[in-house]
Amino acid sequence: MIIRALTLSALLGGTLIGCGDKDDTAAPAAEADADTDADTDADTDADTDADTDADTDADTDADTDADSSMIADLQAYDGYAENDWVTVTAIVSSPHNSYGFFISDASGPGAGIWVYDDGNYEKTIAMGDEITLTAELYEYSDLTELDVSDKKKGSLEVIGTASVPAATVVTTKELADKKTAEMYESVLITVENVTVVDPDLGYGEWSIDNDVRVDDLFYEVTPKKGGTYSSITGQLYYSYGAFKIVPHDESSIVE
């Protein structure tokens, strides 16, 4: 009986030891699963967040720069109608000529407009001022403008200073085509390497290549026939049925 009891005890002991071995084998498998899940989740989240942020920021910046001109929308009547009262923030991009001035909010086609103030703000603003104005969108003799002359309805406030948007280089051939020139109405432009065709068209006007006119809206020039200029810079104004470049001062014309 004693021998049997020992034998049975040994057998049972062997069985218990065997069960313990199975439990030890299962535990590492559970640890492996936990490690795999943790690594996968961490890596996936980190990569997704980084890629999404970088791509979104880059695309947003590019779109904002391309569509940044409210003035271009006003010029095209894109979402606006004549006689609408609008509020615009922009930069004074020309001198004042006693009854008006130009503003811009970007460079390129459409990004400039004439502001008619009837002299009310002549001493208030200067070129390079950043302003906010509320004015009536108006068409005067085919020139799109913002009319802020009615001080009871309109307003103008200087809110700071800023760099004037860079002039856009165009050719006199582009300006000779009325449809193309229309895109640059009131925009600050530069024409390069031009020759004087007619030095005196009357009323302070003269012409260069392709019969493009230059006018003394801000600054009077006395050119010589056949004279050449490496560049002329100014807004493209429209009056009396013609587009005209209007230089600001002597620095606008480079020989």
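As the structure is a computational prediction, the values presented were derived from the model and not from experiment.

**A few points about the overall build of the chain**
1) Next: Within the chain one finds four helices and 13 strands.
2) Next: Counting all 255 residues of the chain, 36% fall into the buried class.
3) Next: Partitioning the intrachain contacts of the chain with sequence separation of at least 6 by distance along the chain shows that 63% fall at a separation of at least 24.
4) Next: Accessible surface computed for the chain: about 14700 Å², of which carbon and sulfur atoms make up 50%.

**With respect to the environment of A126**
1) Next: Here A126 is to be found in the loop between strand 3 (112–116) and strand 4 (129–140).
2) Next: The spatial distance from the C-alpha of A126 to the C-alpha of P95 is 6.7 Å, given a sequence separation of 31 residues.

**A word on the environment of V194**
1) Next: Residue placement: V194 occurs in strand 8 (residues 188–202).
2) Next: For the pair formed by V194 and T228, sequence separation is 34 residues and the distance between their alpha carbons is 5.7 Å.
3) Next: Discounting chain neighbours no more than four positions away, the residues touching V194 are T172, I208, D209, G227, T228, Y229 and I232.

**Brief notes about the pattern of salt bridges**
1) Next: In the structure shown here, the tally under the stated rule is two salt bridges.
2) Next: Among the ionic pairs, R213 bridges to E205, the shortest N-O distance being 2.6 Å.
3) Next: On the accessibility criterion, R213 (30% relative accessible area) is partly exposed.
4) Next: Residue E205 is classed as buried on the basis of its relative accessible area of 9%.
5) Next: The partner of E205 in a salt bridge is K244, with the nearest N and O atoms 2.7 Å apart.

**What about unusual backbone geometry?**
1) Next: Phi is positive for S98, close to 90°, though the residue is something other than glycine.
2) Next: A positive phi is found at S186, a non-glycine position, where the angle reads about 70°.
3) Next: Looking at where S186 falls in the secondary structure, it is placed in the loop between helix 4 (178–182) and strand 8.

**Comments concerning the nonpolar core**
1) Next: W206, I208, I232 and I245 are the most contacted members of the largest nonpolar core, which totals 28 residues.
2) Next: For this core, the elements supplying multiple residues, two or more each, are strand 8, strand 9 (205–208), strand 10 (212–214), strand 11 (228–239) and strand 12 (242–247).
3) Next: With five residues, the single largest contributor to this core is strand 11.
4) Next: With residues up to four places along the chain from it excluded, the contact list for I232 reads I189, T190, V191, V194, W206, I208, V214, I245, P247, S252 and I253.

**Quick notes on the pairing of strand 5 (residues 143–147)**
Side chains on a regular strand alternate between the two faces of the sheet.
1) Next: For strand 5, the tally of buried residues reaches five of five residues, placing the bulk of the element in the interior.
2) Next: Bridge count between strand 3 and strand 5: three bridges; the pairing is parallel. Following the sheet pairing, Y116 is matched in strand 5 by D147.
3) Next: Across five bridges, the pairing between strand 4 and strand 5 is antiparallel. Bridge pairing links L137 to L146 in strand 5.
4) Next: Where strand 4 hands over to strand 5, the hairpin turn is made up of two residues, of which S141 adopts a positive phi near 50°.

**Describing the packing of aromatic side chains**
1) Next: As enumerated under the stated definition, the model contains seven aromatic pairs in all.
2) Next: Geometrically, the ring pair formed by W206 and Y229 is tilted, given 5.9 Å between the ring centres and 50° between the ring planes. Within this pair, whereas W206 is found in strand 9, its partner Y229 is found in strand 11, the two being separated by 23 residues in sequence. Both residues of the pair, W206 and Y229, belong to the buried class.

**As for the confidence of the model for the chain**
Detailed reading of the predicted model is not advised wherever pLDDT is low.
1) Next: Of the residues in the chain, 74% reach a pLDDT of 70 or more, and the chain-wide mean stands at 83.
2) Next: Counting contacts from residues 1–66, a segment whose pLDDT is below 50, to residues more than four positions away or on other chains yields zero contacts.

Criteria and cut-off values
- Residues numbered from 1 in each chain as written.
- Predicted model: local features only at pLDDT ≥ 70, side-chain atom pairs only at ≥ 80, totals over all residues.
- Heavy atoms only, no water.
- Helix = DSSP H or I, 4+ residues; strand = E, 2+ residues; numbered from the N terminus.
- Buried < 20%, exposed > 50% of the residue type's maximum accessible area, 1.4 Å probe, protein only.
- Contact = heavy atoms within 4.5 Å.
- Areas by Shrake-Rupley, 256 points an atom, 1.4 Å probe, with all protein chains shown as cover.
- Salt bridge = Lys/Arg side-chain N within 4 Å of Asp/Glu carboxyl O.
- Core = buried A, V, L, I, M, F, W, Y, C linked by side-chain atoms within 4.5 Å.
- Pairing = 2+ DSSP bridges.
- Phe/Tyr/Trp six-rings, centres within 6.5 Å; stacked < 30°, edge-to-face > 60°.
- pLDDT = per-residue confidence, 0-100.

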